[in-house]
Amino acid sequence: MKRLALALVCIPALAWGAPPTGLPTPVASPAPAADSDLPNSTNWQQKISPPDPGPFPPPPPLTATYHFGWTKIGGGFAEATLTRPRKDVMQLEVSGGSTGFIRKLWKLDATHTET
C-alpha cells in the first residue's frame, strides 16, 4: 500500500487572522507519492473499501438543534432529526435557514432528507 506524503506549506495569514507572534500559518497540503495515487488513475475503484457497516450499533434516534451567528448576532438555525422508520432503515431530515437581521440581507430556507 502506498503512503500519502504531506507537505507543509507556509501561507502568510491575513491581518485579522494572524497568529499573535506574526509568524506565517503552516498549512498541510497533500502531495501524492506516485501517479497511481492520483484521483484520475484507472484503478481507484479497487481501492475503495466495501460499504459494509462496522462492528458497532446503529446510532439511536435523536433530534439536534443548532444556532449559527456571531457573538450576540443570530444568523441562522438548523434542526436535524435522525429516525428509524424500519429496523433496517435510518432516515435523516435536516431543515434550517437564516434568521433575524441576516434574513433581511439573505433569505435562505433549506430542507434535506436522506434515507
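This one's a predicted model, so the numbers in the text were calculated from it and none came from an experiment.

> Even after reading the chapter, I still don't get the overall build of the protein chain, so can you show me in this structure?
Broken down by element type, the protein chain carries one helix and six strands. Starting at the N terminus and walking to the C terminus, you meet the elements of the protein chain as β-β-β-β-β-α-β. Long-range contacts, defined as pairs at least 24 residues apart, comprise 21% of the intrachain contacts of the protein chain with a sequence gap of at least 6. Surface summary for the protein chain: the accessible area is close to 9900 Å², and the carbon and sulfur share equals 64%.

> Is there a simple way to explain the side chain of Ser98 in this structure?
Tracing the chain through its elements places Ser98 in strand S5 (residues 89-98). There is a polar contact of 2.7 Å between the side chain of Ser98 and the backbone oxygen of Trp106. When sequence neighbours within four positions are dropped, the list of residues in contact with Ser98 reads Gly75, Gly76, Arg103, Trp106, Lys107 and Leu108.

> Looking at this structure, I do not really get the sheet that holds strand S4 (residues 73-86). What am I missing?
In sheet architecture, strand pairing relies on hydrogen bonds along the backbone and comes in two forms, parallel and antiparallel. Sheet architecture is open: four strands sit in the order S3-S4-S5-S6, paired in antiparallel fashion. The open sheet has two edge strands, strand S3 (62-70) and strand S6 (109-114), and neither has a second partner. Here the strands of the sheet are splayed against their neighbours by 10 degrees on average, with no regard to which way each runs. Two strands pair when backbone bridges link them, and S4 and S5 are joined in this way by nine bridges, in the antiparallel orientation. Looking across to S5, one finds that Thr83 is bridged to Gln91.

> For this particular structure, what's the right way to read unusual backbone geometry?
Backbone phi values are negative for most residues with the exception of glycine, while trans is the configuration of most peptide bonds. Phi is positive for Thr71, which is not a glycine, with a value near 40 degrees. Tracing the sequence through the fold places Thr71 in the loop between S3 and S4. The exposure class of Thr71 is exposed, given its relative accessible area of 87%.

> Which parts of the structure should I look at to understand the pairing of S5?
Sheet faces and side chains relate simply in a regular strand, where the side chains alternate between the two faces. Hairpin connection between S4 and S5: a loop of two residues separates the two successive antiparallel strands. Inspection of the sheet shows S5 paired to S6 by six bridges, in the antiparallel sense. Following the sheet pairing, Gly97 is matched in S6 by Asp109.

> Looking at this structure, I do not really get a nonpolar patch on the surface. What am I missing?
On the surface, Phe101, Leu105, Trp106 and Leu108 cluster together into a nonpolar patch covering about 480 Å² of accessible area. By the element assignment, Phe101 lies in helix H1 (residues 100-105).

Conventions we followed
- Residues numbered from 1 in each chain as written.
- Predicted model: local features only at pLDDT ≥ 70, side-chain atom pairs only at ≥ 80, totals over all residues.
- Heavy atoms only, no water.
- Helix = DSSP H or I, 4+ residues; strand = E, 2+ residues; numbered from the N terminus.
- Contact = heavy atoms within 4.5 Å.
- Areas by Shrake-Rupley, 256 points an atom, 1.4 Å probe, with all protein chains shown as cover.
- Polar contact = N/O pair within 3.5 Å; in protein donor to acceptor, adjacent residues only side chain to side chain.
- Pairing = 2+ DSSP bridges.
- Axes fitted to C-alpha atoms, helices over the stretch in contact; angles between N-to-C directions.
- Buried < 20%, exposed > 50% of the residue type's maximum accessible area, 1.4 Å probe, protein only.
- Patch = residues over 30% accessible without salt bridge, like charges linked within 9 Å, V, L, I, M, F, W, Y side chains within 5 Å.
- Salt bridge = Lys/Arg side-chain N within 4 Å of Asp/Glu carboxyl O.

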